[in-house]
Amino acid sequence: MINGLDFRRLRRSGLALGAFALSATFLLPAVAPDAPAFIRTAMAEDTQKADVSRVVSVGGAVTEIIYALGEEGRLVGRDSTSTYPEAAKTLPDVGYMRQLAPEGIIAVNPSAIVAVEGSGPPEALAVLKEANIAFTSVPETFDKAGIPAKIRAVGAFLGVEDKAETLAKSVEADLDAAVAEDAARADSERKRVLFILSTQGGKVMASGQGTAANGIIELAGAVNAVGTFPGYKALTDEAIVEAKPDVILMMDRGGEHAAKAEELFAMPALSLTPAAQNKALVRMDGLHLLGFGPRTASAVRELNAAIYGKKANASQ
């Protein structure tokens, strides 16, 4: 049973959303290895019996998939990363996907929660399990195969497998077409891209292997300039110079969080890179770029065009 004391304890445990954490949504590891098993795996028997008439979706790609399946009528809430399509923003916001507070979710009276892998924290999801709300975790991988897999997983949970299969095949075909031309590009012609999460405190926080940024850079036919370490970390000036990025890639965050190009390339280490010499800075919407959802083929085409100077494909 959940009471006011439980909620006060959860609030004191620091489940509030931090601005920096939100910007790192697509770069953090998928799920903690000690997370409860029910967070990592949805039991088929439970899924079949679940009441999925009132759903909270957690994860921007998950929400996009539900809309693409035409099942948005089930939604009674979404997390703060679910900002597309525009209609999703009218749903109650239950908080940041990695720092959910149970009371915010329970307040919208859901019968089920569908969340991308890595949502949490585990303690909050344990409280929701005690409330007998059906839950499934959608596997997250930052590659071409992972997107149709997510679509099929969401469709299975909602009981619309046929619609999910149709969407998955369509998205898969679009992705194949988006990456086909660049798959044949010679390694010597592939540009080196440095994804910068932030430059807070004068430190460049960059994305390595196992991240959404690494995945989208590779799909766009380029090379992650710092793809030798896992996750993301602050780079030394020496590491930036040695990386020799041809292009800097960032999320288009806007407002006071957006570093101006002249400020970025004035940083001592970045000023010595080929990207600075050519003023090669690409900014894209974070969810579109890093969400690995139904629109990823469009993101690949847009990024490829920005990196290599091509015209965007008319099919976008």
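Summarised in this report is the structure supplied together with it. Since the structure is predicted, the reported quantities are computational estimates derived from the model, not experimental observations.

Thoughts on the overall build of the protein chain
Counting its regular elements, the protein chain contains 15 helices and 10 strands. Considering the protein chain as a whole, with its 316 residues, one finds that 52% of them fall into the buried category. Of the contacts made within the protein chain by residues no fewer than 6 positions apart, 64% connect residues no fewer than 24 positions apart. Put simply, the protein chain shows about 14,400 Å² of open surface, and 52% of that area lies on carbon and sulfur atoms.

Some remarks on the nonpolar core
Ranked by internal contacts, the top residues of the largest apolar core, which has 70 residues, are Ile-113, Val-154, Phe-195, Ile-216 and Leu-303. At 7 residues, the largest contribution of residues to this core is made by helix α9 (residues 161-183).

Section: unusual backbone geometry
Along the chain, Tyr-84 connects to Pro-85 via a cis peptide bond; the corresponding omega equals -5°. With respect to the element layout, Pro-85 can be found in the loop between β2 (75-78) and α6 (102-106). The peptide bond linking Gly-120 to Pro-121 adopts the cis configuration, its omega dihedral lying at 10°. Here Pro-121 is to be found in the loop between β3 (112-116) and α7 (122-130). With phi around 50°, Lys-244 is a residue other than glycine that occupies positive phi space.

Brief notes about the pattern of salt bridges
Inspection of every chain in the model, using the stated rule, returns 11 salt bridges. A salt bridge links Glu-165 to Lys-169, with the nearest nitrogen and oxygen atoms 3.9 Å apart. With Glu-165 and Lys-169 both in helix α9, this residue pair falls 4 residues apart, about one helical turn. On the accessibility criterion, Glu-165 (29% relative accessible area) is partly exposed.

Observations regarding the sheet that holds β2
Taking strand neighbours across the sheet as the criterion, the 4 strands line up as β2-β1-β3-β4 in an open arrangement whose pairing is parallel. Each having just a single partner strand, β2 and β4 (134-138) make up the two edges of the open sheet. The mean angle between the axes of side-by-side strands here comes to 20°, regardless of whether they run parallel or antiparallel. Here strand β1 (residues 55-58) pairs with β3 via 4 bridges, running parallel. Bridge assignment links Ser-57 to a residue of β3, and that residue is Val-114. Sheet contacts for helix α8 (residues 146-158): β1, β3 and β4; angle to β4, the most-contacted strand, approximately 165°.

Brief notes about the pairing of strand β5 (residues 192-198)
Working note: regular strand, side chains alternate between the two faces of the sheet. Counted residue by residue, β5 has 6 buried out of 7 residues, so it is predominantly covered. Inspection of the sheet shows β5 paired to strand β7 (residues 223-224) by 2 bridges, in the parallel sense. Of the residues in β7, the one forming a bridge with Arg-192 is Val-223. Pairing between β5 and strand β9 (residues 247-251): 3 bridges, direction parallel. Within β9, the residue paired with Val-193 across the bridge is Val-247. Sheet topology note: the β5/strand β6 (residues 204-207) ladder contains 2 bridges and is antiparallel.

Definitions and cut-offs
- Residues numbered from 1 in each chain as written.
- Predicted model: local features only at pLDDT ≥ 70, side-chain atom pairs only at ≥ 80, totals over all residues.
- Heavy atoms only, no water.
- Helix = DSSP H or I, 4+ residues; strand = E, 2+ residues; numbered from the N terminus.
- Buried < 20%, exposed > 50% of the residue type's maximum accessible area, 1.4 Å probe, protein only.
- Contact = heavy atoms within 4.5 Å.
- Areas by Shrake-Rupley, 256 points an atom, 1.4 Å probe, with all protein chains shown as cover.
- Core = buried A, V, L, I, M, F, W, Y, C linked by side-chain atoms within 4.5 Å.
- Salt bridge = Lys/Arg side-chain N within 4 Å of Asp/Glu carboxyl O.
- Pairing = 2+ DSSP bridges.
- Axes fitted to C-alpha atoms, helices over the stretch in contact; angles between N-to-C directions.

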